[in-house]
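# Examination of the molecular architecture
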Amino acid sequence: MNLVDVLETTKKEPHCGLCKIDFLGTGVCSAGKKHGFVAYWPEGRMELARALAEHEVEPTETLRDIVNSCNLCGICDRQCYFVTQRRPTQAQHALQNYLKTVSPDKLKPVQEDEIVKGLRAIVGERFATNDPLIIASYTRSVIKQKSTGKYYIVMPQTTEEIVSIVNLANTYKIPFIPRGNGTFFGVALQTLLAEPASIEQGIIIDLWRMKHLEVDPESITATIEPGVTSFELQKAAHAHHLRANVAEAESCVIANAQNLGIVTTWSNTYGWGTDNFIDAEYIDSTGTIQHLSDKEIPNPYASEQGLLSLSLIPSVIVTKLTLKLHQILPDEEAIFVPFSDLPDALDFAHELARRNIGVSLAVLSRKYLTEFISPTHEIAEDFNDIAEKYLKLNYVVDVICDSQSKKIVEELAPVSFGSEMLKSLILGSSKLTSMKDSSLLKMIGEEEDPLKAVFGGPMRKHFEKGLATSPKELVKVFDEDLREFFEKLYSKPELTDPIWLHSFRILPCRMERKHMWMYRGGYMPGDKNTILKVVDALEKPAQQYGIDGAFGFLSYLERGKLAHLEYDYYYDHTDPDARKRVNKAIVESWRRQFAIRGVTPLEFICSKGLHRKEHILYPFLPGLSEEELEHFEELIETLFGGEDTW
Amino acid sequence: MVKFLSQEWAEQAKKKVLTELDKAKDLKNMNASLLNVVQNVPPDNTTIYYYIKFTGGNLEELVTGSDEALKEKPADFIVAGDYTTFIQINNGQMSSSMVLLKNRVKMTGNKMKALTITKPIDTYNNCVKGVQTEY
């Protein structure tokens with residue numbers, strides 16, 4: 001196996017960064033944990049294998065160290081296969097074989113320059129580098145592909161070290177950018193947002209070493225440093241029977257808070273942005289430490305609104321965040337209300353939001369449901385087809401609530417199902433897809449109301465019985481050598497517990513199994529008409545440019561007054577033509593969204609997560625006029641060049 | 001070759017804009033004044049003010065200097081940033097909109113009006129970068 005053999009896999013590396021956290025109870029890569037730099041983690045080995053195969057970087061002396069640091073323990077294969085169906089050890093084998101072909105005299109050490117000397121004086125010898133090989137592993141997850149700039153990577157451990165790094169950067173007049181787990185960059189850097197979201201040269205401040213985390217159960221808060229991931233915070237909170245409102249498992253909490261304000265299905269009651277943040281310590285561009293609670297600073301919540309507020313690089317580096325946690329109710333239960341049509345699902349969910357029902361509340365698409373719970377992408381696709389064709393299950397109002405609220409939901413819902421059925425769907429997804437053309441599914445499909453027949457009528461028992469399966473059955477779809485591990489994994493109750501899955505959010509990266517995706521959507525008034533207009537504004541460009549677009553999830557804020565929508569464009573980011581088309585669709589979707597009153601596309605929230613809603617979303621801006629939209633197009637051309645250059 | 005932001009540079013830049021750009025087609029008959037506050041100019045880390053004013057697409061003023069009185073000039077927009085950033089704009093490495101997006105400069109002024117002059121200002125910068133400049 002050589003680098004070219006694994007190129008198809010390594011090119012599609014999505015940089016989700018889940019390999020850096022122990023989300024399956026396997027432990028994490030020991031080499032990554034020891035060395036820190038992305039190059040030593042499975043994610044980085046994949047990127048390095050790609051960069052070497054595509055001759056974007058020349059090997060240095062560090063190659064030997066990176067390759068030899070891996071003991072092929074296989075943890076990464078279990079983690080990565082669970083999420084993306086990829087096996088990073090293949091890249092490691094290819095790197096090992098490549099190393100054997102490189103003449104030892106070609107593996108030269110990298111000369112230190114004054115800047116790296118300065119950085120090493122701040123953080124220690126091990127944690128600063130100008131080695132092109134290590135820098136290459138950050139490509140596509142903070143550094144733009146084929147960038148010719150001169151970069152440095154530094155991994156500080158304290159706020160004071162970051163201050164010194166910022167001062168050093170300012171002395172040498174070079175830009176710097178903080179990197180959490182690279183998840184945001186991993187998505188944005190594949191699109192026309194790559195330029196505004198990255199630096200053309202300078203210092204990458206990798207915050208992975210800043211992992212201090214302290215839960216205060218008395219005040220029900222946590223104080224964290226920027227290297228703490230959502231999964232890690234949630235785990236610490238759960239140890240105190242508390243819950244954090246956090247994004248996907250792998251995202252660094254502070255980066256997500258700062259960038260997007262952390263919007264989740266729990267935002268229905270836990271809120272969004274500063275609803276959850278108490279104080280932050282941050283370093284400004286001059287290297288000065290400030291706190292949100294300082295009396296002398298300018299209003300930290302002031303912000304620009306609208307399309308000229310786009311800023312994908314944070315203006316400060318947040319080094320500490322104190323955020324609220326929430327008590328877990330003793331009688332929480334999950335309930336799912338399936339719908340065929342989006343307007344019906346929106347009506348139902350909005351009614352719940354207005355009544356403040358649902359600690360967690362969202363409208364989830366068929367695409368998300370099937371992709372998240374299916375063990376492989378192939379099964380997800382078949383499940384998706386079955387849900388659409390036979391079950392007419394296109395949307396689910398997904399609720400986690402107390403037992404009293406559950407009764408209300410059951411009363412209001414035309415039909416619903418609970419945790420047991422979801423467990424059956426998770427464990428039985430492969431069996432369900434094997435029934436693709438079965439007479440049972442055909443019978444269901446012929447029912448007047450298939451949803452009622454399956455989830456509420458006499459067929460429910462047959463359906464559940466048909467699905468009945470065990471972890472042993474489920475894991476037959478996995479590679480043979482991984483089955484024993486996955487059988488044990490799927491026997492753990494949390495893997496089929498919807499409340500745990502909503503809290504720890506280990507499944508969303510399954511969206512990246514086949515292709516890369518680009519999130520679209522944003523914030524808007526919570527009325528159905530506006531939401532449907534926005535869905536249309538996102539759907540049309542996808543159709544126009546041949547992009548696979550799909551509704552993701554919608555959550556309400558402020559008792560239904562506002563809504564947040566995620567709609568996704570799926571595309572092959574290794575295909576230049578697909579990238580062009582997705583870029584055109586992005587621009588067109590902005591244009592269409594800005595024409596709708598009160599809508600703020602998601603990108604225009606970036607770097608404003610610590611601001612209050614009142615400063616970003618209110619007052620609802622009128623939709624742009626035709627003349628303003630023309631100027632918007634000129635702005636886009638100024639920023640990104642003409643369509644042909646994208 | 002003239003020194004960036006020197007008086008000679010300002011004169012050549014103004015001449016170039018007036019002779020090469022069309023008020024209507026290129027500069028969209030814009031009415032706008034812009035004060036650039038260029039910080040940390042070497043060798044002494046001084047501040048230079050770089051002021052431009054367009055009326056009906058005509059470049060009425062293009063003035064540079066460290067005289068504090070320049071910052072009192074009436075300006076629709078004030079853009080403050082590091083000397084290195086203004087070099088990047090002037091040599092075409094980055095557009096003025098991109099540096100704003102990257103948080104390299106701070107801008108005050110009416111953002112909706114800024115939207116209307118994005119294109120002509122970009123055209124202006126592209127023209128000015130043709131002046132043989134040393135940094």
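Everything numeric in this text was worked out from a predicted model, so none of it was measured.

Regarding its fold elements, chain A presents 29 helices and 19 strands. Against the compact-globule benchmark of 26 Å for 646 residues, chain A has a radius of gyration of 24 Å, which places it among compact chains. In chain A, 76% of the contacts between residues at least 6 apart in sequence involve partners at least 24 apart.

Okay, the overall build of chain B next. A tally of helices and strands in chain B yields four helices and seven strands. For 135 residues, the compact-globule estimate of 2.2 N^0.38 gives 14 Å, and chain B sits close to it at 14 Å. Structurally, chain B occupies a C-alpha span of about 40 × 30 × 30 Å along its principal axes. Out of the 135 residues belonging to chain B, those deemed buried represent 41%.

Locating A:I586 in the fold gives a position in helix 27 (residues 576-594). Setting aside residues no more than four positions away along its own chain, A:I586 makes contact with A:T191, A:L192 and A:M518.

This paragraph deals with the interface of chain A and chain B. Counting residues at the interface gives 18 residues for chain A, matched by 15 residues for chain B. Put simply, the parts of the chain that give the side of chain A that touches chain B at least two residues each are helix 11 (194-197) and helix 29 (626-640) of chain A. In terms of residue count, helix 29 of chain A provides more of the side of chain A that touches chain B than any other element does, seven residues in total. Residue composition of the side of chain A that touches chain B, grouped by class: eight nonpolar, five polar and five charged.

Turning next to the sheet that holds strand 4 (residues 58-65) of chain B. Residues and elements named next belong to chain B. Read from one edge of the open sheet, five strands run 4-3-2-5-6, paired in mixed fashion. This sheet does not close on itself; its edge strands, each paired only once, are strand 4 and strand 6 (105-108). Adjacent strand axes in the sheet meet at a mean angle of 15° when their direction is disregarded. For strand 2 (residues 32-41) and strand 3 (residues 46-55), the ladder comprises eight bridges, and the chain directions are antiparallel. Paired with V41 across the strands is T46, a residue of strand 3. Against the sheet, helix 2 (residues 83-90) touches strand 2, strand 5 (77-82) and strand 6, its axis set at about 125° to strand 2.

Another aspect to go through is the domain arrangement of chain A. Residue and element names in this part refer to chain A. Split into domains, chain A comes out as domain 1 (7-206), domain 2 (333-510) and domain 3 (513-645). On a C-alpha basis, the centres of domain 1 and domain 3 stand 31 Å from each other. At the junction of the two partners, domain 1 supplies ten residues and domain 3 supplies 13 residues. In the side of domain 1 that touches domain 3, the residues fall into four nonpolar, four polar and two charged.

Our focus in this paragraph is the pairing of strand 2 of chain B. Residue and element names in this part refer to chain B. Hairpin connection from strand 2 to strand 3: four residues lie between these consecutive antiparallel strands, with N45 at a positive phi of about 55°. Of the strand pairs in this sheet, strand 2 and strand 5 are connected by six bridges, and their pairing is parallel. Residue pairing across strands places Q39 opposite D82, the latter belonging to strand 5.

Residue and element names in this part refer to chain A. Across the sheet, which stays open at both edges, the five strands sit in the order 5-6-10-8-9 with antiparallel pairing between neighbours. Each edge of the open sheet is held by one strand with a lone partner, namely strand 5 (213-216) and strand 9 (289-291). The sheet shows a mean angle of 10° between the axes of neighbouring strands, direction not considered. Direction of pairing for strand 5 relative to strand 6 (residues 221-224): antiparallel, over a ladder of four bridges. Paired with L213 across the strands is I224, a residue of strand 6. Those strands touched by helix 12 (residues 230-238) are strand 5 and strand 6, and its axis lies near 35° from that of strand 5. Across the face of the sheet, helix 13 (residues 253-260) comes into contact with strand 6, strand 8 (277-283) and strand 10 (317-324) while running at roughly 90° to strand 10.

As a further point, take the nonpolar core. One finds A:V154, A:I165, A:I205, A:A349 and A:V363 to be the most contacted residues of the largest nonpolar core, which totals 250 residues. Residues contacting A:A349, with those up to four places away along its chain left out, are A:L361, A:V363, A:V397 and A:Y556.

Turning our eyes to something else, we now look at the packing of helix 26 (residues 528-544) of chain A against helix 27 of chain A. Angle between the axes and distance between the axes: these two values describe a pair of packed helices. Residues and elements named next belong to chain A. Interaxial distance between helix 26 and helix 27 falls to 9 Å at its minimum, and their mutual angle equals 150°. In terms of orientation, helix 26 and helix 27 fall into the roughly antiparallel class. Note on packing geometry: the crossing formed by helix 26 with helix 27 is right-handed. Touching V534, A537, L538, K540, P541, A542 and Q544 of helix 26 are A585, E588, S589, R592 and Q593, all from helix 27.

All names here are of chain A. Inspection of the secondary structure puts S103 in the loop between helix 6 (88-101) and helix 7 (114-123). On the neighbour-count criterion, S103 (7 C-beta atoms within 10 Å) is exposed. Along the sequence, S103 and V166 sit 63 residues apart, while their C-alpha atoms lie 39 Å from each other.

All names here are of chain A. For helix 3 (residues 42-53), spanning twelve residues, the distance from its first C-alpha to its last is 16 Å, which sits close to the expected 16 Å at 1.5 Å a residue. The buried fraction of helix 3 is high, at eleven of twelve residues. Among the residues of helix 3, those classed as buried are P42, E43, G44, R45, M46, E47, L48, A49, R50, A51 and L52. Residues of helix 3 that are buried make contact with helix 1 (7-11), helix 4 (62-68), helix 5 (75-84), helix 6 and helix 8 (132-136). Just beyond helix 3, the residue with positive phi is H55, at close to 55°.

Let's shift gears to the confidence of the model for chain B. All names here are of chain B. With 100% of its residues at a pLDDT of 70 or more, chain B shows a mean pLDDT of 95. Ranking the elements of chain B by mean pLDDT puts helix 3 (residues 96-101) last with 91 and strand 3 first with 98. Listed scores for the predicted complex are pTM 0.96 and ipTM 0.91.

Residues and elements named next belong to chain A. Structurally, A468 can be placed in the loop between helix 22 (459-467) and helix 23 (471-474). The exposure class of A468 is exposed, given the 12 C-beta atoms found within 10 Å. Along the backbone, A468 and V6 are 462 residues apart, and their C-alpha atoms lie at a distance of 37 Å. The residues touching A468, leaving out its near neighbours within four places in the chain, are S424 and G428.

Attention now goes to unusual backbone geometry. Omega for the peptide link from A:Y618 to A:P619 comes to -10°, which places this bond in the cis form. In this chain, B:P42 is followed by B:P43 through a cis amide linkage whose omega measures 10°. Relative to the helices and strands, B:P43 is located in the loop between strand 2 and strand 3. Unlike most non-glycine residues, A:K146 shows phi in positive territory, near 65°. With respect to the helices and strands, A:K146 occurs in the loop between helix 8 and strand 2 (151-154). In this structure, A:R505 is a non-glycine residue whose phi angle is positive, near 50°. With respect to the helices and strands, the residue A:R505 is situated in the loop between helix 25 (498-504) and strand 16 (516-525).

Cut-offs and rules
- Residues numbered from 1 in each chain as written.
- Chains lettered and ligands numbered in written order.
- Predicted model: local features only at pLDDT ≥ 70, side-chain atom pairs only at ≥ 80, totals over all residues.
- Helix = DSSP H or I, 4+ residues; strand = E, 2+ residues; numbered from the N terminus.
- Rg over C-alpha atoms; globule rule 2.2 N^0.38 Å.
- Contact = placed C-beta atoms within 7 Å.
- Buried ≥ 20, exposed ≤ 12 C-beta atoms within 10 Å, placed from the backbone.
- Nonpolar A, V, L, I, M, F, W, Y, C, P; charged D, E, K, R; others polar.
- Pairing = 2+ DSSP bridges.
- Axes fitted to C-alpha atoms, helices over the stretch in contact; angles between N-to-C directions.
- Domains from an automatic or database assignment.
- Core = buried A, V, L, I, M, F, W, Y, C linked by C-beta atoms within 7 Å.
- Parallel < 35°, antiparallel > 145°, perpendicular 65-115°, else oblique.
- Left-handed = near helix turned anticlockwise from the far one by under 90°.
- Expected span 1.5 Å × (residues − 1).
- pLDDT = per-residue confidence, 0-100.

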